Amino acid sequence: MKRLFPEAKLAIGPAIEEGFYYDFDVKSPFTEEEIARIEEEMAKIIEEDIPFVREEISKKEAENIFLSLGEEYKLELLSDIDDKNVSIYRNGDFVDLCRGPHLPSTGWVKFLKLTSVAGAYWRGDERNKMLQRIYGISFPKKKELKEYLHKLDEAKKRDHRILGTKLNLFMMDDSIGPGLVIWKPEGAVVRGIIEDYWKSIHRKWGYQYIYTPHIARLSLWETSGHTEFYSDNMFQPIDVEGQMYQLKPMNCPFHMAYFRSEKRSYRDLPMRLAELGTVYRYERSGVLHGLLRVRGFTQDDAHIFCTEHNLKDEIIRVLDLTFEIFAAFGFKQFDTFLSTRPEKFAGTVKMWDKATSSLSEALKERNIHFEVDPGEGVFYGPKIDIKVRDTLGRVWQCTTIQVDFNLPERFGLKYSSRDGTIRRPIVIHRAIFGSLERFFGILIEQYAGEFPLWLAPIQVAVLPVSKQFFDYGTSVAKKLEENNIRYYLDKRDEKLGHKIRDAELRKRPYIVIVGEREEKTDSVSVRRHKQGELGTMTQDEFILLLKEKITNKEG
Ligand code: ZN
């Protein structure tokens, strides 16, 4: 950068999870051609194999160096450092303020690629100047770089924000407000299928389904502690006839209130309450991202009220349910984490130890490999987090299973035990997808918009070869409808090739073509998306094939 753009001011440039970036203050955003030139220059520097030399100097000396170089951002960074000495690195003529460590010399960098450019505010604050951020990555082997770039390319093609628009699945726009989603009809079909599946599998696993309101008295949130601990993520309360109400950021207090509303006994436990509950959370507009981070979303929430004695069994049940659900959606690889007691905590050490061992025993009993995150539990109880891996190996945080000693206390929950004594239940909060919006975003990326048959908004596109065969096409469509198969009948007066191309672009799983030959034999010509012609079959054969694949949740 300094060789090509000597006037560019250096801001910060850390290593990140995937590669690195550097922020520069330059007059105008980088063009593609400039990025290519920078990349070439970097390759030269790698070739020159220039050593990185660490120097520890006084802060004052460092200030003199960066003052003479006119690096004002470095001076600002220095002014925030309390230490007397700082480290700088020299690399030929170049010098930077850096903690290190570094490679011995530039020759070690090997294969490098600048991957993207973006605007970024100095120190992430929108009141500051907009800088230009260049992202890049390097690998010791050319093959590794190639594989990474291929993955990046694939990820770009799967971007749910682009596919969501292209496939007409959902929308967000400024007239509604950032982070607020409209599920368009075809997206809503997919959501409906997910919800139906979710409800039926939860019934099977012994959950009761409830609905709760979107707002409640502010005092409910004072009882739950949300006004105290969660207010940063809550919207402002609303005045209703002189009483303050709060838009809900969580469903938990409602489920607590329901449990408290009647006398409970040990016979009622474990009680599993499930809800697809829509919540609203304040997120800074800068962190909103497609469907992955929004302001209004529906959690696939549940609260399990149980005793210390059945805690482990209930956790095992949640784990089994989680993996059954993810398997149905084609996710087979997971990263699991157990977070333990933080410094500040509710309850007693004894309760924590018991609950934590219940969680780890449950994981071990199911042979689930997990990592422990020491001290990373929430103050009210230990938790298990499960991240899913998609087909590109990307990791997505979805499931949380959270033990809670605090809410039962705050809401004064109790039940009469077998021996007649009054006891306090334990609560497990759990969400498997996390939220429907987020999970839908992940699904779109997992399948690149080509949903498996059981989820596809339209399962079959029926294309008559010409107007003459609209009637036969209609009868094929009718039969699909009678068999609960979602279809689209293309009655536009267009060329067949054009209709096929449209259906392919919309990623319809099956295309059936009907013309004279098909009408005569009461059959259809079948094409499978991406696989091509499957040949001619009778209508009954075709429907049987679909039904079997739908029942088995096959691709
Ligand atoms: Zn909860």
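Just so it is clear, the structure is predicted and the values come from calculations on it, not from any experiment.

Quick notes on the rules
- Counting restarts for each chain, with residues numbered from 1 along the sequence as it is written.
- Totals for whole chains, interfaces and linings use every residue, but because this is a predicted model, local features are given only for residues with pLDDT of at least 70 and side-chain atom pairs only at 80 or more, for both listing and counting.
- In computing side-chain properties, one takes all heavy atoms of the structure into account and sets aside hydrogens as well as water.
- A run of DSSP states H or I qualifies as a helix once it reaches four residues; a run of E qualifies as a strand once it reaches two. Both are numbered from the N-terminal end.
- Should DSSP find at least two bridges between two strands, the strands are taken to pair.
- With axes taken as lines fitted to C-alpha atoms, and helix axes fitted only over the stretch in contact, angles between N-to-C directions fall between 0 and 180 degrees.
- As a rule, N, O and S atoms within 2.8 Å of a metal are its donors, except that Na, K and Ca use 3.2 Å; water is not among the atoms, so sites may look incomplete.
- A simple rule labels every residue: compare its accessible area, found with a 1.4 Å probe on the protein chains alone, to the largest value its type can have, and call it buried under 20%, exposed over 50%, or partly exposed in between.
- An automatic or database domain assignment is the source of the domain bounds shown.
- Only heavy atoms enter the contact rule, under which two residues are in contact if any of them lie within 4.5 Å.
- Buried area adds together the accessible area that both of two parts lose upon being put together, with accessible area traced by a 1.4 Å probe.
- What counts as a salt bridge is simple: a side-chain nitrogen of Lys or Arg found within 4 Å of a carboxyl oxygen of Asp or Glu.
- Definition of a polar contact: a pair of N or O atoms within 3.5 Å, with one able to donate and the other able to accept a hydrogen when the atoms are protein atoms, and with sequence-neighbouring residues admitted only if both atoms are side-chain atoms.
- Expected helix span is taken as 1.5 Å per residue step, with the number of steps being one fewer than the number of residues.
- For cavity detection a 1 Å grid was placed over the protein atoms alone, and a set of points counts as a cavity when a 1.4 Å probe fits there but cannot get out; an open set counts as a pocket when protein lies on both sides within 12 Å along at least five of seven lines, with lining residues being those that have an atom within 4 Å of a point.
- Grid points are joined across faces, edges and corners, and a volume is the space filled by probe spheres set on the points.

**Thoughts on unusual backbone geometry**
Leaving glycine aside, a negative phi is the common case for residues, and trans is the common case for peptide bonds. Cis peptide bonds are those with omega within 30 degrees of zero, and the linkage from Gly-100 to Pro-101 qualifies with -5 degrees. The omega torsion of the bond from Leu-269 to Pro-270 falls at -10 degrees, within 30 degrees of zero and hence cis. Secondary-structure assignment places Pro-270 in the loop between helix H9 (252-260) and strand E15 (271-280). Despite not being glycine, Asn-367 has its phi angle at roughly 55 degrees, a positive value.

**What to know about the sheet that holds strand E12 (residues 215-217)**
Pairing is antiparallel across the open sheet formed by three strands, whose spatial order is E12-E14-E13. Each end of this open sheet is capped by a strand with a single partner; those strands are E12 and strand E13 (238-240). Across the sheet, the axes of successive neighbouring strands diverge by a mean angle of 40 degrees, strand direction being ignored. As paired elements, E13 and strand E14 (residues 243-247) share three bridges and run antiparallel to each other.

**Here's the deal with the coordination of the zinc ion**
Ideal values differ by geometry: the angle at a metal is 109.5 degrees with four tetrahedral donors, but 90 or 180 degrees with six octahedral donors. Every protein donor of the zinc ion is accounted for by Cys-252 (SG), His-303 (NE2) and His-429 (ND1), and the metal-donor separations fall at 2.0 to 2.3 Å. Using a relative accessible area of 5% as the deciding quantity, one classes Cys-252 as buried. Judged by its relative accessible area of 0%, His-303 is buried.

**Some remarks on the domain arrangement of the chain**
Domains assigned within the chain are domain 1 (9-145), domain 2 (165-212 + 251-447), domain 3 (215-248) and domain 4 (460-551). Each of domain 2 and domain 3 was reduced to a C-alpha centroid, and the two centroids are 22 Å apart. Counting residues at the interface gives 16 residues for domain 2 and 18 residues for domain 3. Of the roughly 1500 Å² buried at the junction of domain 2 and domain 3 (both faces included), carbon and sulfur atoms supply 64%. When residues of domain 2 are sorted by the area they lose upon contact with domain 3, Tyr-280, Tyr-282 and Arg-410 head the list and together hold 40% of the total. Summed over the shared surface of domain 2 and domain 3, the number is two salt bridges. At the junction of domain 2 and domain 3, the tally comes to six residue pairs in polar contact (both at pLDDT 80 or more). Where the side of domain 2 that touches domain 3 is concerned, the elements lending two or more residues are H9, E15 and helix H12 (406-410). Sort the elements by how many residues they give to the side of domain 2 that touches domain 3 and E15 lands first, with five residues.

**Remarks on helix H11 (residues 349-365)**
Look at H11: 24 Å from first C-alpha to last across 17 residues, which is about the 24 Å you get at 1.5 Å a residue. The complete set of buried residues in H11 reads Trp-352, Ala-355, Thr-356, Ser-358, Leu-359, Ser-360, Ala-362 and Leu-363. At the exit of H11 stands Asn-367, carrying a positive phi of roughly 55 degrees.

**Examining empty space enclosed by the protein**
According to the stated counting rule, one finds two cavities of 30 Å³ or more in the structure shown. Volume-wise, the largest cavity comes out at about 70 Å³. Gly-449, Phe-451, Pro-457, Arg-506 and Arg-508 are, among the 13 residues lining the largest cavity, the residues nearest its centre. Two domains each donate at least three residues to the lining of the largest cavity, and these are domain 2 (165-212 + 251-447) and domain 4 (460-551). Considering only enclosed or pocket space, the second largest cavity measures out at about 30 Å³ in volume.

**Concerning the pairing of strand E5 (residues 85-91)**
Buried residues dominate E5, accounting for five of its seven residues. When strand E4 (residues 53-58) meets E5, the two strands line up antiparallel, connected through six bridges. Bridge assignment links Val-53 to a residue of E5, and that residue is Arg-90. Two strands pair when backbone bridges link them, and E5 and strand E6 (residues 94-97) are joined in this way by four bridges, in the antiparallel orientation. Looking across to E6, one finds that Ile-88 is bridged to Leu-97.

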